[in-house]
Amino acid sequence: MKTQLYSFWRSSAAFRVRIALNLKGLDYEVIPVHLLKSGGEQSSLDYAKKNPNRLVPLYSNGTHTIHQSLAIIEYLEEIQASSPLLPQAAIDRAWVRAVAMDIAIDIHPINNLRVLRYLIKNLGVSADAKEAWGQHWMSLGLASLEKQLGSDSRVGRFAYGDQPGLIDICLVPQIFNALSAKMTMEAYPTVMKIFNECMKLPAFIEASWEKQIDAEGSNSSTAP
Ligand SMILES: N[C@@H](CCC(=O)N[C@@H](CS)C(=O)NCC(=O)O)C(=O)O
């Protein structure tokens with residue numbers, strides 16, 4: 001049975017998994033979950049039965065499901081050895097995981113849709129203040145990333161050497177979000193160099209927002 005990925009075109013976490021599946025050359029079917037329509041399909045009873053966290057992505061191998069993008073990607077790494085996403089040496093694997101977590105765990109969740117919604121609906125925050133919130137946390141995270149990647153000898157064409165891996169998988173969707181939030185990126189030359197290298201590869205291009213079957217156009221105001 002073909003594996004399935006519950007995904008939303010602008011979801012950063014789903015985007016990560018789409019890139020990993022493409023890099024691994026694994027076939028999969030995308031099941032769109034619209035995060036905004038009718039209050040968000042992720043909150044429907046049907047979806048919540050599949051994933052009580054009410055978030056995308058959700059991966060299914062036909063028998064079992066896995067949530068959490070990083071867990072899905074580690075699973076893909078274990079079942080498909082080709083195109084490794086993690087380095088060989090334990091110390092390097094730890095570094096790659098740490099930098100990937102900086103993005104996926106420290107930067108991304110603070111700007112998630114439900115967090116932004118809570119700011120506006122429950123705390124009465126204005127649209128401008130919400131935007132400032134997003135830019136503040138993203139720029140803090142990106143500055144730290146730039147420092148780390150700009151000074152580490154393990155960085156090559158990609159974040160670790162000359163093959164794309166876990167850091168790149170997390171970095172590219174975050175840059176899509178930053179660009180969409182109209183952030184200026186001059187302060188992050190290493191990050192942007194890596195981003196531009198990644199975006200030359202079909203695995204990243206095919207996983208990107210506008211290539212998704214549920215894409216609605218880049219002017220859409222949907223949050224990531
Ligand atoms: N830590 C989770 C994060 C998943 C997540 O935050 N998904 C977002 C889209 S990027 C979502 O489904 N948001 C829906 C909502 O906030 O209601 C992962 O890495 O999979």
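Just above, that's the structure.
Residues numbered from 1 in each chain as written. Predicted model: local features only at pLDDT ≥ 70, side-chain atom pairs only at ≥ 80, totals over all residues. Heavy atoms only, no water.

Enquirer: Hey, could you run me through helix 3 (residues 69-79) in this one?
Expert: The α-helix advances 3.6 residues per turn, and as a result positions three or four apart in sequence lie on the same side. Among the residues of helix 3, those classed as buried are Ser69, Leu70, Ile72, Ile73, Leu76 and Glu77. Relative to the axis of helix 3, the buried residues are bounded by an arc of 160° and lie together on one face. Against the buried residues of helix 3 lie helix 1 (12-24), strand 3 (58-60), strand 4 (65-67), helix 4 (90-107) and helix 7 (166-180). (Buried < 20%, exposed > 50% of the residue type's maximum accessible area, 1.4 Å probe, protein only. Helix = DSSP H or I, 4+ residues; strand = E, 2+ residues; numbered from the N terminus. Arc of directions from axis to C-beta. Contact = heavy atoms within 4.5 Å.)

Enquirer: Please explain the layout of surface pockets as it appears in this structure.
Expert: Summary: where empty space remains is shown by rolling a probe the size of a single water molecule over the atoms. Of the pockets and cavities examined, the second largest pocket occupies roughly 530 Å³. What lines the second largest pocket is a set of 28 residues, and nearest its centre among them are Leu55, Val56, His108, Asn112 and Arg114. Listing elements by their share of the lining of the second largest pocket, those giving two or more residues are helix 1, helix 3, helix 4 and helix 5 (113-121). Its residues placed into classes, the lining of the second largest pocket shows twelve nonpolar, twelve polar and four charged. Residue-level mapping places the lining of the second largest pocket at the junction of two domains, with at least three residues from each of domain 1 (3-83) and domain 2 (90-205). (1 Å grid on protein atoms, 1.4 Å probe; cavity = no way out; pocket = protein on both sides within 12 Å on 5 of 7 lines; lining within 4 Å. Points joined across faces, edges and corners; volume = space filled by probe spheres on them. Nonpolar A, V, L, I, M, F, W, Y, C, P; charged D, E, K, R; others polar. Domains from an automatic or database assignment.)

Enquirer: Help me understand the packing of helix 6 (residues 127-150) against helix 7, please; the structure alone is not making it clear to me.
Expert: Pairs of packed helices are described in terms of their axes, by the angle between the two and the distance that separates them. At a minimum axis distance of 12 Å, the contact between helix 6 and helix 7 shows a crossing angle of 140°. Regarding the angle of helix 6 to helix 7, the classification is oblique. Considering how the two elements wind past one another, helix 6 and helix 7 form a crossing that is left-handed. For the pair helix 6 and helix 7, the contacting residues are Met138, Leu142, Leu145 and Leu149 in the first and Leu171, Gln174, Ile175, Asn177 and Ala178 in the second. Of the residues that constitute the contact of helix 6 with helix 7, the class distribution is seven nonpolar, two polar and no charged. (Axes fitted to C-alpha atoms, helices over the stretch in contact; angles between N-to-C directions. Parallel < 35°, antiparallel > 145°, perpendicular 65-115°, else oblique. Left-handed = near helix turned anticlockwise from the far one by under 90°.)

Enquirer: How should I be thinking about the packing of helix 7 against helix 8 (residues 189-198) in this particular structure?
Expert: Where helix 7 meets helix 8, the closest approach of the two axes is 10 Å, and the angle between their N-to-C directions is 105°. Classified by the interaxial angle, the pair formed by helix 7 and helix 8 is roughly perpendicular. Residues Asp168, Leu171, Val172, Ile175, Phe176 and Leu179 of helix 7 lie in contact with helix 8, whose contacting residues are Val191, Met192, Ile194, Phe195 and Cys198. Residue composition of the contact of helix 7 with helix 8, by class: ten nonpolar, no polar and one charged.

Enquirer: Explain the side chain of Asp168 to me, please; I cannot follow it from the model alone.
Expert: As for its position among the elements, Asp168 is in helix 7. An unpaired buried charge is present at Asp168: no salt bridge exists, and Arg157, the closest side chain of opposite charge, is 9.4 Å distant. Within the structure, the side chain of Asp168 is placed 2.9 Å from the backbone nitrogen of Ala159, a separation counted as a polar contact. Not counting residues within four places of it along the chain, the set of residues in contact with Asp168 comprises Phe158, Ala159, Gln163, Pro173, Ile194, Cys198 and Phe204. (Lys, Arg positive; Asp, Glu negative; His and termini not counted. Salt bridge = Lys/Arg side-chain N within 4 Å of Asp/Glu carboxyl O. Polar contact = N/O pair within 3.5 Å; in protein donor to acceptor, adjacent residues only side chain to side chain.)

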